[in-house]
Amino acid sequence: MADQTPEIAGEMGNKVHRSSSASRWPLAAILVLHLVAILLFTRGFLLTRTELPFYSSCSDVVHSPCSPNSSNGTSHGGNGKCWTRPAVRRLVIIVLDALRFDFVAPSIFFDEVKPWMDKLEVLQKIASDEGSSAKIFKAIADPPTTSLQRLKGLTTGGLPTFIDVGNSFGAPAIVEDNLLYQLAKNGKRVLMVGDDTWLQLFPDHFYEAHDYPSFNVRDLHTVDDGCVEHVMTALHREDWDVLIAHFLGMDHAGHIFGVDSTPMIEKLEQYNSILEDVIGILRNHSGPGGLHDNTVLLVMGDHGQTINGDHGGGTAEEVETSLFAMSLRNTPFVSSIPDDISCKQDLDGKKKCVSSMQQLDFAVTVAALLGIPFPFGSIGRVNHELYALSAGTWDRKDPDVDVVSYSEAWMKNFVDTLCVNSWQVKRYIDLYSSTSLIGFSSEDLLLVDETYVQAQSNWIRFLESISQCRESGKNCNPNPSFFHEQIRAYSIFLEKVAELARSKWTEFDLKLMIAGLFFLLLSLFYQVFAIWRIDKSECTLKPLFSFRLMIAVALVIIRAVSFLSNSYILAEGKVATYLLATAALIDFHHSLTSGRISVEEPMLLLVAVILRHKIDLGPIKESVGSEFSSPLESSNVKAIGSIWKMTSDILPFASFVTLPLLVFLTAPIALFGKSFSLFLVGTFINCFLIALHWICASNVSSTQNRLRNVGLYLIPRLIYATDIGMVFILILTQIFIWKKSMIRIASVATLCVLSSTILLLSGRQSPVAALIFVIGALCIIRSQKTSGGILENPIPVLKWCLLAICLFFYTGHWCAFDGLRYGAAFVGFDQFDLIRQGILLSIETFGFSHILPIFGLPLLVLFYHQQPWSSRERQSFHSDLILVFLIYGFISAVTTTLTVVCVTIQRRHLMVWGLFAPKFVFDVVALILTDTLILAASLFYM
């Protein structure tokens with residue numbers, strides 16, 4: 001027997017190698033199945049709106065049934081009319097990115113006064129001055145509320161589609177008809193300064209442009225300083241017609257610090273000073289014949305932001321932004337059309353008002369004021385309040401209609417404008433339905449036709465009656481009430497079209513969606529088959545009737561089914577902590593009944609409580625916490641706040657000290673040997689460098705600029721380089737030294753090597769998150785029950801997965817694009833590079849929730865196996881490891897499949913683009929990442 005031992009050992013080794021290679025095939029097959037399923041479903045679900053290759057031109061208006069004199073003005077010659085009479089000579093548009101409604105509106109409109117309110121005093125004062133031609137609007141945006149979608153919506157007058165979110169980093173040029181195209185085509189010179197996204201969207205439309213990179217969210221001043229420099233100079237120049245200045249500092253301050261922070265207040269105060277200077281220059285040149293005698297100023301936001309400074313979704317804070325409009329020519333005339341306006345009196349008895357409008361109406365209203373054709377794909381309505389604000393819309397009386405007042409003349413002019421507006425929208429809807437793949441249903445089109453015909457026939461009859469009246473030589477004074485009715489009729493038509501487009505705009509290809517769902521379900525059956533096939537040692541029906549298996553399946557199903565509710569999607573982090581605590585309670589109950597009580601189950605319950613508490617608090621930005629306090633706050637509250645701030649500063653560094661002590665106590669160096677020391681020492685050095693980086697980056701740091709730059713830029717790059725080097729050495733060590741027999745060393749070393757960059761990118765919360773992960777993982781590992789196999793008791797794998805999900809939310813993320821921590825992409829860098837910043841952002845987003853948990857899975861399996869191993873024991877370990885990988889991937893696949901089912905059912909839901917679609921994108925990306933990491937881990941460890 002002794003002579004045969006080497007041969008037997010060699011044969012067993014070959015079997016282990018063949019078994020490991022064969023068992024990895026299911027992992028690769030599952031990845032392929034998921035890729036095919038997601039590709040098919042995404043092609044069916046996230047189709048973009050069909051962009052028609054048609055552009056409006058001045059000559060088109062001759063085909064409209066509107067003003068009888070429209071045919072006389074096919075260009076800006078003749079009567080000076082293209083589609084509408086030009087009412088404004090110059091337009092200044094100042095975009096303050098992420099301008100919340102309560103940044104501009106007076107605080108009396110809100111239940112509670114916040115520190116950031118009433119900072120833009122100059123806008124409030126001008127809007128409330130008696131006789132001022134200025135107004136504050138609440139502008140309602142359509143989600144998704146990322147800058148690219150909003151700029152596209154503002155300039156095209158169309159609704160954004162969700163797939164455009166993917167273009168937020170590196171935006172493609174807009175090819176459909178838009179406001180900038182019409183300005184350039186009709187001889188308007190546009191000067192742009194600020195956010196370089198404008199130049200990416202409109203590369204050939206500007207007479208002059210000064211753009212600045214927009215993606216470094218840690219830079220609050222470069223773009224704004226550039227805007228100030230060029231705007232103040234441009235306001236004294238005559239060689240432009242439209243000036244666009246896009247400031248970014250407020251958006252960046254929100255992303256990094258949040259709304260309730262000192263940098264945000266400083267930005268608002270800076271903007272107030274800038275706007276005072278801008279308005280002062282405009283007024284100084286606004287006299288008769290002056291440079292700005294007929295100029296309109298628009299100060300507006302592209303979207304709002306949450307209290308944490310994020311945006312992208314469809315909450316009220318994100319979709320509600322502001323628009324301040326001011327005409328340099330005052331008009332004493334007031335439109336008699338009812339306004340969507342709200343007024344309140346302040347403490348001094350002064351009346352302050354705000355109006356409301358849809359951002360969808362911006363493009364067509366600006367086009368009407370400038371007298372250029374409306375963008376072909378616009379479905380907006382000319383806003384009568386903004387239109388009436390310009391004195392130029394009151395200048396002329398219509399020679400074809402006898403009116404007794406300026407108000408009637410203005411209404412006749414506005415009805416003409418709405419007539420062209422409605423005709424343009426109607427022709428677009430007709431052409432879209434006839435040329436796109438699906439278009440609108442016949443019932444919807446019939447409703448649109450009936451509403452339009454009813455509105456248009458009344459106007460045509462009115463024009464005919466006026467013409468006959470004039471031919472007879474009579475005095476033809478129209479009834480003012482008719483104008484009101486006609487404006488209402490056109491408005492109803494335009495509102496119905498917008499409502500229809502919002503509810504049914506996206507074209508869903510149900511065949512592709514069903515095909516994708518079929519492949520996802522097929523992958524689930526294949527995963528079940530692969531799990532059962534790997535577990536050959538349990539080739540009985542016993543695991544199917546295991547109580548623990550049924551409990552695990554029930555918990556997975558409960559979590560997956562919860563995605564059918566939008567409320568539970570919003571509370572996903574809380575649901576995960578509840579299920580983790582439930583699983584821990586089940587094990588704790590089993591320990592009590594069996595008489596083998598251990599400390600791990602109560603400790604895991606405590607971990608779940610800590611996770612839940614932080615998730616309940618929500619994400620907290622750097623330095624949020626506000627340095628502002630109400631004078632009514634008690635000294636006790638301030639003392640508690642000071643203690644909390646001190647604890648928040650100390651806790652990360654205390655966790656850095658606790659982590660290595662925990663490693664030494666649970667995994668002594670003597671057990672791992674000298675080969676492991678290199679990686680442990682390298683990790684500890686990186687942790688020291690991370691702490692130094694945070695000290696240098698601190699706002700209260702007194703370090704000199706040169707040392708500060710070393711801490712901010714050189715140290716992060718040194719950590720990245722060290723980690724890349726250690727990963728390379730780790731792979732070589734695993735191949736040539738540890739091989740397959742030292743999985744414990746390899747897994748702990750891997751976690752140490754991967755953790756440094758994740759800790760750096762995740763910010764000061766990361767040491768506490770890492771400590772929670774280590775404690776939670778140890779509790780799960782040590783509380784496993786050795787009776788039965790892994791398939792019979794998959795609860796530890798489920799708890800491992802739930803802990804990873806909880807850490808995703810604990811570290812300040814959520815399944816929405818405003819849940820991305822964009823500042824992490826610029827740790828150590830100032831310049832934007834799409835690939836580099838994308839990698840850093842991905843590592844920060846999925847580090848604690850995917851990378852560390854998946855590469856730590858072998859530690860969960862090692863509990864069942866003792867070392868040193870025989871060849872048979874090694875083969876058993878590899879089979880169990882593959883089984884754990886499969887179960888972990890299966891849990892992720894089940895939840896993602898239910899997410900896909902959810903978005904299929906809810907594809908017409910009001911919150912589909914604001915909630916369900918982002919959840920779908922995050923889940924499918926996480927599923928592919930999980931499959932890829934599992935495959936990579938299996939190749940590395942086996």
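Residues numbered from 1 in each chain as written. Predicted model: local features only at pLDDT ≥ 70, side-chain atom pairs only at ≥ 80, totals over all residues. Heavy atoms only, no water.

Summing up its helical and strand segments, the protein has 31 helices and nine strands in all. Residue burial in the protein is summarised as follows: out of 942 residues, 57% are buried. Across the protein, every contact between residues at least 6 apart in sequence was considered, and the portion connecting residues at least 24 apart equals 77%. When the accessible area of the protein is evaluated, it comes to approximately 39,000 Å², of which 61% is carbon and sulfur surface. (Helix = DSSP H or I, 4+ residues; strand = E, 2+ residues; numbered from the N terminus. Buried < 20%, exposed > 50% of the residue type's maximum accessible area, 1.4 Å probe, protein only. Contact = heavy atoms within 4.5 Å. Areas by Shrake-Rupley, 256 points an atom, 1.4 Å probe, with all protein chains shown as cover.)

Inspection of every chain in the model, using the stated rule, returns three disulfides. Sulfur-sulfur distance for the disulfide between Cys343 and Cys353 comes to 1.9 Å. On the sign convention where negative is left-handed, the bridge of Cys343 and Cys353, at about 110 degrees about the S-S bond, is right-handed. Within this pair, whereas Cys343 is found in strand 8 (residues 341–345), its partner Cys353 is found in strand 9 (residues 351–358), the two being separated by 10 residues in sequence. Residue Cys353 is classed as partly exposed on the basis of its relative accessible area of 26%. For the unlinked cysteine Cys752, the closest cysteine sulfur is that of Cys687, found at 8.7 Å. Under the relative-accessibility criterion, Cys752 is labelled buried at 10%. Lacking any disulfide linkage, Cys806 is separated from the closest cysteine sulfur, that of Cys801, by 9.7 Å. A relative accessible area of 0% means that Cys806 is categorised as buried. (Disulfide = S-S within 2.5 Å.)

Before going further, it helps to examine the sheet that holds strand 4 (residues 208–212). Taken in spatial order, the nine strands make up an open sheet running 4-3-5-1-6-7-2-9-8, and their pairing is mixed. At either margin of the open sheet sits one strand with a lone partner, and together these are strand 4 and strand 8. The average undirected angle you get between the axes of adjacent strands in this sheet is 15 degrees. As defined by bridge partners, strand 2 (residues 134–140) adjoins strand 9 across four bridges and the pair is classed as parallel. Residue pairing in the sheet places Ile140 in a bridge with Gln358 of strand 9. Its contacts with the sheet put helix 3 (residues 121–128) on strand 2, strand 6 (295–300), strand 7 (320–327) and strand 9, and the angle it makes with strand 2 is roughly 115 degrees. (Pairing = 2+ DSSP bridges. Axes fitted to C-alpha atoms, helices over the stretch in contact; angles between N-to-C directions.)

Tracing the sequence through the fold places Thr811 in the loop between helix 27 (795–810) and helix 28 (834–855). Looking at Thr811, the relative accessible area reads 2%, which means it is buried. Of note is the side chain of Thr811, whose polar atom sits 3.1 Å from the backbone oxygen of Phe808. Excluding anything up to four places from it in sequence, Thr811 contacts Gln765, Ala769, Arg821 and Phe848. (Polar contact = N/O pair within 3.5 Å; in protein donor to acceptor, adjacent residues only side chain to side chain.)

The next subject is the packing of aromatic side chains. Taken as a whole and assessed by the stated rule, the structure comprises 23 aromatic pairs. With a centroid separation of 5.6 Å and 40 degrees between ring planes, the pair formed by Tyr387 and Phe414 is classed as tilted. Taken together, the residues Tyr387 in helix 12 (residues 384–389) and Phe414 in helix 13 (residues 406–435) connect sequence positions 27 residues apart. For the pair Tyr387 and Phe414, a shared accessibility class is recorded, and that class is buried. (Phe/Tyr/Trp six-rings, centres within 6.5 Å; stacked < 30°, edge-to-face > 60°.)

This part takes up the environment of Ser756. Position of Ser756 among the secondary structure elements: in helix 25 (residues 743–762). Counting along the chain gives 72 residues from Ser756 to Phe684, while the straight-line C-alpha distance between them is 8.8 Å. Dropping the residues within four chain positions of it, Ser756 is found in contact with Thr683, Asn686, Ile690, Ile719 and Asp723.

Once that is clear, we can look at helix 17 (residues 547–561). Helix length check: helix 17, at 15 residues, gives a terminal C-alpha distance of 21 Å against a target of 21 Å (1.5 Å per residue), a fit within 8%. Looking at helix 17, one finds that the buried residues are Arg548, Leu549, Ile551, Ala552, Leu555, Val556, Arg559 and Ala560. (Expected span 1.5 Å × (residues − 1).)

Glancing now at the packing of helix 27 against helix 28. Interhelical geometry of helix 27 versus helix 28 gives an angle of 165 degrees and a closest axis separation of 8 Å. In terms of axis orientation, helix 27 runs roughly antiparallel to helix 28. For helix 27 against helix 28, the interelement crossing comes out right-handed. Each of Trp800, Ala804, Leu807 and Phe808 in helix 27 lies in contact with helix 28, whose residues at this interface are Thr845, Phe848, Ser849 and Pro853. Tallied by class, residues from the contact of helix 27 with helix 28 come to six nonpolar, two polar and no charged. (Parallel < 35°, antiparallel > 145°, perpendicular 65-115°, else oblique. Left-handed = near helix turned anticlockwise from the far one by under 90°. Nonpolar A, V, L, I, M, F, W, Y, C, P; charged D, E, K, R; others polar.)

In this section: the pattern of salt bridges. In total, this model carries 23 salt bridges according to the counting rule given. Asp224 serves as the salt-bridge partner of Lys267, at 2.8 Å between the closest nitrogen and oxygen. Residue Lys267 is located in helix 9 (residues 262–284), and its partner Asp224 is located in helix 7 (residues 222–234); the two are separated by 43 residues in the primary sequence. Relative accessible area serves as the criterion here: at 0%, Asp224 is assigned to the buried category. (Salt bridge = Lys/Arg side-chain N within 4 Å of Asp/Glu carboxyl O.)

Between helix 3 and helix 9, whose axes approach to 8 Å, the crossing angle comes to 45 degrees. On the basis of their axis angle, the class for helix 3 and helix 9 is oblique. Packed against helix 3, whose contacting residues are Glu121, Val122, Leu123 and Ile126, the element helix 9 presents Asn272, Leu275, Glu276, Ile279 and Arg283 at the interface. Classifying every residue of the contact of helix 3 with helix 9 gives five nonpolar, one polar and three charged.

Glancing now at the side chain of Ser390. Looking at the secondary structure, you find Ser390 in the loop between helix 12 and helix 13. Owing to a relative accessible area of 1%, Ser390 belongs among the buried residues under this scheme. For Ser390, the contacting residues outside a window of four places in its chain are Ala87, Val88, Val296, Ser327 and Leu369.

The next thing to look at is unusual backbone geometry. Of note, the phi angle at Ala98 is positive, near 65 degrees, even though the residue is not glycine. Position of Ala98 relative to the elements: it lies in the loop between strand 1 (90–96) and helix 2 (101–104). For Ala98, a relative accessible area of 0% puts it in the buried group. Despite not being glycine, Asp118 shows a phi value in the positive range, around 60 degrees. Tracing the backbone shows Asp118 in the loop between helix 2 and helix 3.

Residues Leu678, Phe728, Ile729, Ile731, Leu732, Ile735, Phe736 and Ile737 make up a contiguous nonpolar surface patch of roughly 780 Å² in combined accessible area. The element best represented in the nonpolar patch is helix 24 (residues 705–738), accounting for seven residues. Mapped onto the elements, Ile731 comes out in helix 24. The exposure class assigned to Ile731 is partly exposed, which follows from its relative accessible area of 39%. (Patch = residues over 30% accessible without salt bridge, like charges linked within 9 Å, V, L, I, M, F, W, Y side chains within 5 Å.)

Mean pLDDT for the protein: 81, with 80% of residues reaching 70 or above. Here residues 1–18 scores under 50 on pLDDT; set against residues more than four positions off or in separate chains, the count is 10 contacts. Contacts from residues 621–638, a stretch scored under 50 in pLDDT, to residues over four places away or in other chains number 26 contacts. (pLDDT = per-residue confidence, 0-100.)

All right, on to the pairing of strand 6 then. Of all six residues making up strand 6, six are buried, and the element is well covered by its neighbours. Across the two faces of strand 6 the burial is the same, with Thr295, Leu297 and Val299 and Val296, Leu298 and Met300 all buried. In this structure, strand 6 lies alongside strand 7, joined through five bridges in antiparallel fashion. In the strand pairing of strand 7, Val299 is matched with Phe324.

The subject of this paragraph is the pairing of strand 9. In this sheet, strand 9 lies alongside strand 8 in antiparallel orientation, the contact comprising five bridges. Paired with Ser342 across the strands is Val354, a residue of strand 9. Hairpin geometry of strand 8 and strand 9 is characterised by an intervening segment of five residues between the two adjacent antiparallel strands and by a positive phi of about 80 degrees at Gly349.

So, on to helix 7. With 13 residues, helix 7 should reach 18 Å at 1.5 Å per residue; the first-to-last C-alpha distance of 18 Å fits that figure. Inspection of helix 7 places Val223, Asp224, Gly226, Cys227, His230, Val231, Met232 and Ala234 among the buried residues, and these make up the whole buried set. Summarising the contacts, the buried residues of helix 7 are in contact with strand 3 (190–195), strand 4, strand 5 (242–247), helix 8 (249–257) and helix 9.

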